[in-house]
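Residue-level structure breakdown
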Amino acid sequence: MDAAAEPPRARAPRGRAGAVGALWASTHPGPTVVVTVLSLALGIAAGVESVRLALLVVAVFAGQVSVGLSNDVIDGARDAAVGRADKPVAEGAVSLDAALAVAVGAVVAALALSAPLGPGLLAVHAIALASAWAYNAGAKATPFSIVPFLLSFGLFPSFATLSTAAPTLAAPWATTAGAALGAAVHLTNVVRDLEDDRRTGIRGLPHRLGARASVLLAAAGIVAGAVAVLLGPDRGVGALDVLFFAAVVVVALVTAILALLRPPGRTVFRLTMLAALLLAAQLVVA
């Protein structure tokens with residue numbers, strides 16, 4: 001059997017607490033928490049009423065759990081082939097069946113929680129989740145691997161505006177900023193795993209561009225998103241808007257310069273993620 005097709009290794013059963021912890025670790029907890037908190041911040045900024053806001057946040061959390069788990073389930077054999085010790089499914093600490101069952105249950109819960117907030121949010125959340133699952137299921141290995149991120153993150157600002165009592169899609173400038181954020185996340189996050197991915201047959205857009213070009217494109221996208229947030233709102237530009245914009249641009253420029261001077265490493269990755277987080281904060285306060 002080819003190494004990339006070998007199933008995840010079995011591990012001795014854990015206690016209940018250990019099993020729950022391993023399952024949580026398989027949800028990609030960092031991005032899950034960040035996206036959930038961002039949905040809360042955007043909902044507050046949009047004036048979503050408390051009960052509806054609670055439904056929105058829990059729905060987003062459930063959706064992110066489903067996306068993270070589906071990623072580790074689908075990639076279980078590949079992760080095991082390259083010895084990913086940070087992946088509980090690949091290590092056998094969580095069974096494929098259990099992870100898949102929770103992933104499916106979570107996506108059903110996400111849509112069920114979205115439904116009371118209106119057909120608009122339900123439709124947009126369903127599209128975003130379908131896009132994310134499609135990425136996990138195979139789009140990540142194509143030249144179009146960035147498309148699910150552009151779509152899902154581009155729709156994300158509308159989650160808050162569609163959850164209000166008078167639902168509407170987010171303004172085009174907010175959608176642009178969300179898409180730019182998604183592009184940066186994809187282009188930068190994959191850079192850390194380029195070699196492991198190549199060994200197991202994954203050749204998405206960042207793999208074809210290379211690490212340096214991916215980081216530079218991510219930085220340029222973040223700046224473009226920051227410009228959209230600065231100039232898009234009709235209320236005018238305030239001091240806080242300028243402050244966040246300047247911070248995004250400075251961090252993005254430092255990232256680009258470092259990427260040009262030397263092969264992108266951990267520092268460049270962290271700086272790009274910082275610029276992306278600053279863009280997210282700029283979007284919230286806009």
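Coordinates for the structure precede this section.
Anyway, here's the lowdown on the structure attached to this text. (Residues numbered from 1 in each chain as written. Predicted model: local features only at pLDDT ≥ 70, side-chain atom pairs only at ≥ 80, totals over all residues. Heavy atoms only, no water.)

The helix and strand tally for the chain stands at 14 helices and 0 strands. In sequence order, the secondary structure elements of the chain are arranged as α-α-α-α-α-α-α-α-α-α-α-α-α-α. In terms of overall size, the chain behaves like a compact globule, its C-alpha atoms giving a radius of gyration of 19 Å where 286 residues would be expected to give roughly 19 Å. Seen through its C-alpha atoms, the chain measures out along the principal axes to roughly 60 × 50 × 30 Å. A burial count over the chain gives 48% of its 286 residues as buried. Within the chain, contacts between residues separated by at least 24 positions form 74% of all contacts whose residues are at least 6 apart in sequence. (Helix = DSSP H or I, 4+ residues; strand = E, 2+ residues; numbered from the N terminus. Rg over C-alpha atoms; globule rule 2.2 N^0.38 Å. Buried < 20%, exposed > 50% of the residue type's maximum accessible area, 1.4 Å probe, protein only. Contact = heavy atoms within 4.5 Å.)

Take the side chain of D72 next. Within the secondary structure, D72 is located in helix α3 (residues 50-74). Here D72 is in contact with S26, H28, K87 and V89, once residues within four sequence places are set aside.

Bringing the nonpolar core into the picture now. Formed by 51 residues in total, the largest nonpolar core has its most connected members in F159 and L279. Considering each element in turn, this core owes the most residues, 9 residues, to helix α14 (residues 266-285). Not counting residues within four places of it along the chain, the set of residues in contact with F159 comprises L56, V60, L121, V124, H125 and A128. (Core = buried A, V, L, I, M, F, W, Y, C linked by side-chain atoms within 4.5 Å.)

Attention now goes to helix α9 (residues 172-189). Look at α9: 26 Å from first C-alpha to last across 18 residues, which is about the 26 Å you get at 1.5 Å a residue. Of all the positions in α9, only A174, A177, G178, A179, A180, L181, G182, A183, A184, H186, L187 and T188 are classed as buried. Buried-residue contacts for α9 involve α2 (29-46), α7 (119-137), α8 (147-161), α11 (205-209), α12 (211-231) and α14. (Expected span 1.5 Å × (residues − 1).)

What follows covers the packing of α9 against α14. Running from N to C, α9 and α14 point in directions that differ by 165 degrees, and their axes come no closer than 10 Å. With respect to each other, α9 and α14 are oriented roughly antiparallel. Between α9 and α14 lies a crossing whose hand is left-handed. Counted together, W173, A174, A177, A180, L181, A184, V185, T188 and N189 of α9 and F269, T272, M273, A276, L279, A280 and L283 of α14 form the full contact between these two elements. (Axes fitted to C-alpha atoms, helices over the stretch in contact; angles between N-to-C directions. Parallel < 35°, antiparallel > 145°, perpendicular 65-115°, else oblique. Left-handed = near helix turned anticlockwise from the far one by under 90°.)

Taken together, the side chains of W24, V33, V37 and F61 define a hydrophobic patch exposed on the protein surface, amounting to about 330 Å² of accessible area. Among the secondary structure elements, W24 is positioned in helix α1 (residues 16-25). The class for W24 is partly exposed, based on a relative accessible area of 35%. (Patch = residues over 30% accessible without salt bridge, like charges linked within 9 Å, V, L, I, M, F, W, Y side chains within 5 Å. Areas by Shrake-Rupley, 256 points an atom, 1.4 Å probe, with all protein chains shown as cover. Salt bridge = Lys/Arg side-chain N within 4 Å of Asp/Glu carboxyl O.)

Here we take up the packing of α7 against α8. Between α7 and α8, the shortest axis-to-axis distance is 9 Å and the interhelical angle comes to 155 degrees. Classified by the interaxial angle, the pair formed by α7 and α8 is roughly antiparallel. Between α7 and α8 lies a crossing whose hand is left-handed. Facing L121, V124, H125, I127, A128, S131, A132 and Y135 of α7, the residues of α8 in contact are P148, F149, L151, S152, L155 and F159. Taken together, the residues that form the contact of α7 with α8 break down as 11 nonpolar, 3 polar and no charged. (Nonpolar A, V, L, I, M, F, W, Y, C, P; charged D, E, K, R; others polar.)

With that out of the way, let us pick up the packing of aromatic side chains. If you walk through the whole model with that rule in mind, you get 4 aromatic pairs. Their ring planes at 90 degrees and their centres at 5.0 Å tell us that Y135 and F149 sit as a pair that is edge-to-face. Pair noted here: Y135 is in helix α7 and F149 is in helix α8, with a separation of 14 residues, a long-range link. Neither Y135 nor F149 differs from the other in exposure class; each is buried. Both rings, one in F149 and one in F153, keep their centres 6.1 Å apart while their planes meet at 10 degrees; by these two values the pair is stacked. Of the two residues, F149 and F153 are both situated in helix α8; the distance of 4 residues between them amounts to about one turn of the helix. Of the two residues, F149 and F153, both sit in the buried class. (Phe/Tyr/Trp six-rings, centres within 6.5 Å; stacked < 30°, edge-to-face > 60°.)

All chains considered together, the criterion is met by 3 salt bridges. Linking K87 and D72 is a salt bridge whose minimum nitrogen-to-oxygen distance equals 3.2 Å. In this pair, K87 is assigned in the loop between α4 (76-81) and α5 (88-91) and D72 in helix α3, connecting sequence segments 15 residues apart. As far as the burial class goes, K87 and D72 line up, both buried. Where K140 meets D75, a salt bridge forms, and the shortest distance between an N and an O atom there is 2.5 Å. You can see K140 sitting in the loop between α7 and α8 and its partner D75 sitting in the loop between α3 and α4, a full 65 residues away along the chain.

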